[in-house]
Structures are given as structure tokens and as C-alpha cells.
Amino acid sequence: MTDRKTELARNLARVEERIFSACAAAGREREEVTLIVVTKTYPASDVRLLAELGVRHVAENRDQDAAPKAAECSDLPLTWHFVGQLQTNKVRSVASYADVVHSVDRVRLVTALSAAAVRAGRQLDCLVQVALDAESGNRGERGGVSPDGVAELAAALDAAEGVRAAGVMTVAPLAGPFAGRPRAAFDRLKEISTGLRAAHPAANMVSAGMSADLDDAVAAGATHVRVGSAVLGVRPRLG
Ligand SMILES: *Cc1c(COP(=O)(O)O)cnc(C)c1O
């Protein structure tokens, strides 16, 4: 194996062990949690090595970087997740390679994603991104809709062609009542998910947890964790 492949294998094994332990502690089956490796800022060659090591889900947060990487890796058996704030002018590109969009936070984006998916002949699983620190009716600084806006977006998704409401996503807030309390934040997300599933039973994905707090997310019931630096290393630049 190349040095890089050995390094990625070692990091993946550590993350796998953390997910396994968190599942065991929570009385959950390991299969209930899907690992998504966030490959932003890292090259397509790393995505290829990860696929060789058995990774099947990867995520990106900027279309400019993601589009060429996905094209270079189109021969690999990967599911592509888009997890970044999304401008409507990028939607057509994102809809061409992404299978799951985690960052739906406004009706205008639902409309744009629907049109792009229909045009591309694709079906997009969409998660409503929840900003747990946003005031009622507002969006968060890092994207996401306030908790009381989730139902409207899920209804819009299920009314539109080419997209469907697949669940909820959050990033543990840096400010507000949940700052420094990722477990409480993820418990709140799980509550929001339970409420959503009453109206949309198929919207059962709960995307929560990153390198620092994936253990809390698994404990709180996350179905998908998004892990970047713990697998690939500390990013050379912000992304
Ligand atoms: C970068 C990113 C991650 C992964 O973060 P790490 O701390 O590197 O694990 C997860 N989710 C989103 C939305 C991200 O932008």
C-alpha cells in the first residue's frame, strides 16, 4: 500500500472503532449508522483510495471543488453527498452528481433543486438543514432554517418533482443555548426528526456529528455521521 493509503486505512479504522463503541454504548446496531467521509479540500486521488478501502459515501461542501472531483471519480461505486451552503446558481451542477443534498434551508432552493433534478432526469434525496441557534423564521449564519421552519420545507420537498424529503441535518451550533453542548443539540435534532416523521414517515435520515462530536451524534440517534479531518487529516485551509 502507498503511505497515504496506509494512513487513511489507519484513520478509518480509528473512526470505525469510535462508531462501533458509540453504537454499543447506545444499544444500537453498527448498521444503523452510515459513515460519510467529507473529502473537501482533498484530491480525487484520496477519494479513489477511500473507495478502495471500502468507503461508499463521500461528501463535499463546494460545487467548484466537488464537480470536477465527482467527474474524475465517476467510475467508483460512491454515493455523493452535498453538505455545504448552496447558491441557486450552483444547483444545476450539484444536481448532476449529488445523490443526497444535506443543506436545504429555503423554499427557493427546493424549487431550484426540483427543476434541476427533473432536467437531469435524477431523483435527489434532500435533508432539511436545521439551524438550532436560529430565531423563529430565520436562517442560521452557517445556513439552516430555524426549527419551526422544518415542516414547511419538508412539505415543499414532497410536493415537488425530482426531490423528496429524506430527513434532517444539523451542525452543532457554536453560539446560542447549544454552544459547547453537542449532545443536547443532537438530542434536539432527534426530537425534530421524530416530529417530521409523523408527517413524512420516509424522512428518516438524521445527519449529525463530525470528527469532534460523532460519538454524541451516534448516542443521540444519528443515522449518518459526516467525518472529514479524523479520516483525511487536518485540512490545509478552511473549507
Ligand atoms: C467539513 C464538514 C464536516 C466534517 O468536519 P470534520 O470536523 O472535518 O469532521 C461535516 N459537515 C459539514 C457540513 C462540513 O462542512
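Residues numbered from 1 in each chain as written. Predicted model: local features only at pLDDT ≥ 70, side-chain atom pairs only at ≥ 80, totals over all residues. Heavy atoms only, no water.

Some details on the packing of helix α1 (residues 3–26) against helix α2 (residues 44–52)
Next up, step 1: The interhelical angle for the contact between α1 and α2, taken along N-to-C directions, is 60°, at an axis separation of 10 Å. One element, α1, and the other, α2, form an angle in the oblique class. Of the two possible hands of crossing, α1 and α2 adopt the one that is right-handed. Counting all contacts with α1, which are made through Arg4, Lys5, Leu8 and Leu12, the residues of α2 involved are Asp46, Leu49, Leu50 and Glu52.
Next up, step 2: A breakdown of the residues in the contact of α1 with α2 according to their chemical character gives four nonpolar, no polar and four charged. (Axes fitted to C-alpha atoms, helices over the stretch in contact; angles between N-to-C directions. Helix = DSSP H or I, 4+ residues; strand = E, 2+ residues; numbered from the N terminus. Parallel < 35°, antiparallel > 145°, perpendicular 65-115°, else oblique. Left-handed = near helix turned anticlockwise from the far one by under 90°. Contact = heavy atoms within 4.5 Å. Nonpolar A, V, L, I, M, F, W, Y, C, P; charged D, E, K, R; others polar.)

Brief notes about the UniProt feature "domain: Alanine racemase N-terminal" (unreviewed entry) in the protein chain
Next up, step 1: The UniProt record marks residues 32–236 with the feature "domain: Alanine racemase N-terminal" (unreviewed entry), using the residue numbering of this structure.
Next up, step 2: Structurally, residues 32–236 is divided into 39% helix and 19% strand, and its ends, taken at the C-alpha atoms, are 32 Å apart. (UniProt positions renumbered as here; feature names shortened; annotations may be inferred.)

Considering the site of the ligand
Next up, step 1: Around the ligand sit Val38, Lys40, Val83, Met169, Met210, Ser211, Arg226, Val227, Gly228, Ser229 and Arg235, and those are all the residues in its vicinity.
Next up, step 2: The contact in question runs from an oxygen atom of the ligand to an N or O atom on the side chain of lysine 40, over 2.7 Å.
Next up, step 3: One of the side-chain N or O atoms of serine 211 is found 2.5 Å from an oxygen atom in the ligand.
Next up, step 4: For the ligand, whose unbound accessible area comes to 390 Å², protein coverage reaches 89%. (Near = heavy atom within 4 Å. Polar contact = N/O pair within 3.5 Å; in protein donor to acceptor, adjacent residues only side chain to side chain. Areas by Shrake-Rupley, 256 points an atom, 1.4 Å probe, with all protein chains shown as cover.)

Brief notes about the pattern of salt bridges
Next up, step 1: Following the criterion strictly, the structure yields 14 salt bridges and no others.
Next up, step 2: Ionic pairing is found between arginine 4 and aspartate 46, a salt bridge with its closest N-O pair at 2.8 Å. Here arginine 4 is found in helix α1, whereas its partner aspartate 46 is found in helix α2, with 42 residues between them in sequence.
Next up, step 3: Look at aspartate 46 and you get buried, because its relative accessible area is 5%.
Next up, step 4: One network of salt bridges, with partners in common, ties together Arg4, Glu7 and Asp46. (Salt bridge = Lys/Arg side-chain N within 4 Å of Asp/Glu carboxyl O. Buried < 20%, exposed > 50% of the residue type's maximum accessible area, 1.4 Å probe, protein only.)

Details of the environment of valine 231
Next up, step 1: Note on placement: valine 231 falls in helix α9 (residues 229–232).
Next up, step 2: Take valine 231: its relative accessible area is 0%, and that puts it in the buried class.
Next up, step 3: C-alpha of valine 231 to C-alpha of leucine 153: the two residues are 78 residues apart in sequence and 32 Å apart in space.
Next up, step 4: Each residue touching valine 231, except ones within four places of it in the same chain, is listed here: Leu8, Asn11, Leu12, Val15, Val37 and Leu50.

Re the UniProt feature "modified residue: N6-(pyridoxal phosphate)lysine" (unreviewed entry) in the protein chain
Next up, step 1: When the UniProt feature table is mapped onto this chain numbering, "modified residue: N6-(pyridoxal phosphate)lysine" (unreviewed entry) sits at Lys40.
Next up, step 2: Tracing the backbone through its elements, the reader meets lysine 40 in the loop between β1 (34–38) and α2.

Some words on α1
Next up, step 1: With 24 residues, α1 extends 35 Å from end C-alpha to end C-alpha; this agrees with the ideal 34 Å at 1.5 Å per step.
Next up, step 2: Every buried residue belonging to α1 is among Lys5, Leu8, Asn11, Leu12, Val15, Ile19, Ala22 and Cys23, and all of these are buried.
Next up, step 3: If you follow the buried residues of α1, they end up packed against β1, α2, α8 (214–220), β8 (224–227) and α9.
Next up, step 4: Backbone geometry just downstream of α1 places glycine 27 in the positive-phi region, at approximately 70°. (Expected span 1.5 Å × (residues − 1).)

A short note on the nonpolar core
Next up, step 1: Formed by 71 residues in total, the largest nonpolar core has its most connected members in Val101, Leu113, Val225 and Val231.
Next up, step 2: Ranked by residues supplied to this core, first place goes to α1 with six residues.
Next up, step 3: Val100, Leu127, Ala166 and Met205 belong to the second-largest nonpolar core, a separate cluster that totals five residues. (Core = buried A, V, L, I, M, F, W, Y, C linked by side-chain atoms within 4.5 Å.)

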